[in-house]
Amino acid sequence: MEPLDYLAQERSMASFDVEEMKVVWAGSRHAYELSDRYSRLVASDPVFRKDNRTMLSRKELFKDTLRKTAHAVKRTVELNLSEEESLTLWSYVDQPAYANLHWGMFIPAIEGQGTEEQKQKWLPMAYKMQIIGCYAQTELGHGSNVQGLETTATFDPETDEFVIHSPTLTSSKWWPGGLGKVSTHAVVYARLITNGQDYGVQGFIVQLRSLDDHSPLPGITVGDIGMKFGSGAYNSMDNGVLRFDHVRIPRNQMLMRVSQVTREGKYVQSDVPRQLLYGTMVSVRQIIVSESSIALSRAVCIATRYSAVRRQFGSQNGGPETQVINYKTQQSRLFPLLASAYAFRFAGEWLQWLYTDVTKRLQANDFSTLPEVHACTAGLKSITTSATADAIEECRKLCGGHGYLSCSGLPELFAVYIPNCTYEGDNIVLLLQVARILMKTVSQLVSGKKPLGTTAYLGRVEHLMQCHCEVQRAEDWLKPSVILEAFEARAARMSVACAKTLSGFSNLEEGFAEISSDLVEAAVAHCQLIIVSKFIEKLQQEIPGKGVKTQLENLCNVYALSLLRKHLGDFVSTGCITPEQGALANEQLRLLYSQVRPNAVALVDAFNHTDHYLGSVLGRYDGNVYQKLYDEAWKSPLNDTDVPDGYHEYIRPLLKQHFHTARL
């Protein structure tokens with residue numbers, strides 16, 4: 001007997017080729033086939049079950065993570081997986097683990113900052129996981145301000161060693177994933193001191209634990225920092241605390257691609273840019289942007305399917321109630337999030353291309369595009385993670401009361417995702433970094449220097465400061481050129497306004513601090529322009545499949561016009577559009593929702609998430625929500641017995657008391 005599909009009617013309304021949209025979402029047919037194969041492989045393996053994760057104790061959860069990681073390594077070896085295949089499998093295991101930091105930060109740090117000799121020594125052991133590493137940068141007292149780190153690495157010329165030391169409580173390394181209980185080694189960032197002079201922050205490879213019995217080495221104090229937000233979620237990761245008490249390491253364990261210390265203790269700066277020290281962080285931020293669309297797509301998939309299943313009010317003559325997804329209030333909250341998932345996906349694709357391009361250039365000692373990549377990864381990391389975190393919570397609200405249940409999948413998804421807004425760069429600090437680049441670009445326009453890359457539009461600043469939006473009818477907002485010019489004009493005018501305000505301060509840094517809120521908004525406008533422009537560029541490519549391009553055009557317009565509606569004050573106050581044109585944009589947005597509506601379930605099906613990966617009763621592919629919610633309730637440990645533990649001690653005595661009055 002075929003299982004019932006409660007969403008079959010929804011799927012029958014789709015006016016596009018869903019299978020081709022799956023390929024577009026994945027990035028290529030190869031990527032689609034890869035993700036499809038390994039998501040199903042993980043889903044069918046009982047070791048990778050996760051339905052009980054939120055009910056495990058911290059120790060049970062951590063041991064479960066160790067078991068899954070070891071099993072994933074075993075399967076990788078058994079199946080002889082390539083690096084690409086292995087990363088795909090790991091992504092569907094869907095449980096934060098020390099291996100993420102080992103492969104995602106420890107190894108890239110050595111690859112990017114180590115000399116050829118250092119790479120030959122350390123990387124083979126790391127690749128085979130004969131050593132397990134983490135990235136120890138953040139301290140108890142300093143996170144975003146890397147230059148303020150307090151850990152010291154003092155060179156001792158008599159022994160040809162560095163002495164790694166934590167001079168203060170606030171110099172304790174704090175937060176590195178994998179550090180708490182697993183890592184045997186770390187790339188430690190510390191202040192290099194030689195001949196009494198401080199040369200700033202450098203990276204050092206330091207062994208933390210014995211390779212024989214895993215005990216901390218002399219001078220090392222290390223442990224886990226404790227429970228984090230939520231049940232399950234990021235508590236599977238052993239984020240750690242680390243202190244050094246005059247720990248000695250050989251001089252050749254300083255990562256020396258960017259700078260060196262000679263046997264005599266002389267500091268030598270190479271011609272390689274110091275920005276390479278942050279190359280690992282740039283790499284991770286690029287991955288975070290790509291993964292934001294995945295997290296957002298999971299939340300949107302759950303909320304969309306449930307909104308199609310759920311019915312409330314509106315019954316006519318005893319007929320069925322109205323599907324929640326048919327209410328305009330639901331559509332106006334949900335469909336911009338659906339559009340954002342696709343927008344972030346395509347922005348992530350472009351950023352991945354940009355990062356790959358700069359990596360090739362770096363290998364050829366071409367550092368010209370490094371500032372552009374740094375700015376783009378910083379800005380887009382900030383924009384996409386903040387929007388995704390807010391969107392996951394909005395999706396929970398869109399699911400009503402049932403969204404608050406752990407089995408909806410949304411509480412844990414929110415808890416595991418929100419650290420993205422803080423780690424690898426606080427989102428506000430990152431936007432201020434983007435703002436500095438924008439202010440520098442605007443100031444250089446006077447000298448005739450032509451801006452390149454994502455700031456190229458500022459080269460047309462005279463036109464953008466004077467242009468007037470030509471929208472006269474609602475449908476005019478469907479023209480990509482109209483949308484693009486409005487977003488360019490808004491971004492340019494906000495940046496120029498900030499630059500003019502800054503020019504009135506005698507002390508530039510004081511001015512920067514004073515108008516920092518305005519600078520953040522200018523950076524947001526710039527980054528949103530990038531995402532809109534990359535979506536439009538995607539639509540200029542050849543896109544196969546019946547109706548696929550039409551749906552993407554609808555989503556692009558929903559994304560852009562919902563942003564315009566949200567930031568209408570910016571567009572109107574800067575003179576980019578009139579209030580009447582803003583109203584026309586809102587009118588067109590409502591019409592677009594009606595076009596997205598019959599395709600909504602099919603558009604989230606195109607994400608191709610298995611039920612295992614979604615981990616949600618509300619987001620089940622078959623839409624059989626109510627029976628599964630009822631079944632899930634009886635899995636609660638409280639239902640193991642009819643009479644709860646504690647009844648005889650606390651409930652029965654209360655019930656048997658004889659009060660003189662019924663009111664307490």
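The rules behind these values
Residues numbered from 1 in each chain as written. Predicted model: local features only at pLDDT ≥ 70, side-chain atom pairs only at ≥ 80, totals over all residues. Heavy atoms only, no water. UniProt positions renumbered as here; feature names shortened; annotations may be inferred. Salt bridge = Lys/Arg side-chain N within 4 Å of Asp/Glu carboxyl O. Helix = DSSP H or I, 4+ residues; strand = E, 2+ residues; numbered from the N terminus. Buried < 20%, exposed > 50% of the residue type's maximum accessible area, 1.4 Å probe, protein only. 1 Å grid on protein atoms, 1.4 Å probe; cavity = no way out; pocket = protein on both sides within 12 Å on 5 of 7 lines; lining within 4 Å. Points joined across faces, edges and corners; volume = space filled by probe spheres on them. Nonpolar A, V, L, I, M, F, W, Y, C, P; charged D, E, K, R; others polar. Patch = residues over 30% accessible without salt bridge, like charges linked within 9 Å, V, L, I, M, F, W, Y side chains within 5 Å. Areas by Shrake-Rupley, 256 points an atom, 1.4 Å probe, with all protein chains shown as cover. Polar contact = N/O pair within 3.5 Å; in protein donor to acceptor, adjacent residues only side chain to side chain.

As recorded in an unreviewed UniProt entry, the chain goes by Acyl-coenzyme A oxidase and comes from Hibiscus sabdariffa. A UniProt comment under Cofactor (unreviewed entry) is attached to the chain, and it reads "FAD". Its UniProt record, at the heading Subcellular location (unreviewed entry), says of the chain: "Peroxisome".

A. Representation of the pattern of salt bridges in the model. Scanning the model with the defined rule gives 39 salt bridges in all. Linking Lys-22 and Glu-19 is a salt bridge whose minimum nitrogen-to-oxygen distance equals 3.1 Å. Here Lys-22 and its partner Glu-19 are both found in helix 2 (residues 18-26), three residues apart, which amounts to about one turn of the helix. Taking the relative accessible area as the measure of exposure, Lys-22 reaches 12% and is therefore buried. The shortest N-O distance in the salt bridge between Asp-36 and Arg-40 comes to 2.9 Å. Residue Asp-36 and its partner Arg-40 are located together in helix 3 (residues 29-43), separated by four residues, close to a single helical turn. A single network of salt bridges, built from pairs that share partners, joins Lys-50, Arg-53, Asp-94, Arg-298 and Glu-412.

B. Local environment of the layout of surface pockets. For the second largest pocket, the calculated volume is near 760 Å³. In terms of lining, the second largest pocket is formed by 28 residues, of which the most central are Ala-387, Asp-390, Leu-563, Lys-566 and His-567. Going through the elements one at a time, helix 9 (328-363), helix 10 (370-398), helix 12 (427-444), helix 16 (516-539), helix 17 (548-566) and helix 19 (579-596) are the ones with two or more residues in the lining of the second largest pocket. By residue number, the principal contributor to the lining of the second largest pocket is helix 10, which donates seven residues. Grouping the constituent residues of the lining of the second largest pocket by class yields 15 nonpolar, seven polar and six charged.

C. Layout of a nonpolar patch on the surface. On the surface, Tyr-650, Ile-651 and Leu-655 cluster together into a nonpolar patch covering about 360 Å² of accessible area. Within the secondary structure, Ile-651 sits in helix 23 (residues 647-656).

D. Molecular detail of the side chain of Asp-36. Judged by relative accessible area, which is 19%, Asp-36 ranks as buried. Of the polar contacts made by the side chain of Asp-36, one reaches the side chain of Arg-40; its length is 2.9 Å.

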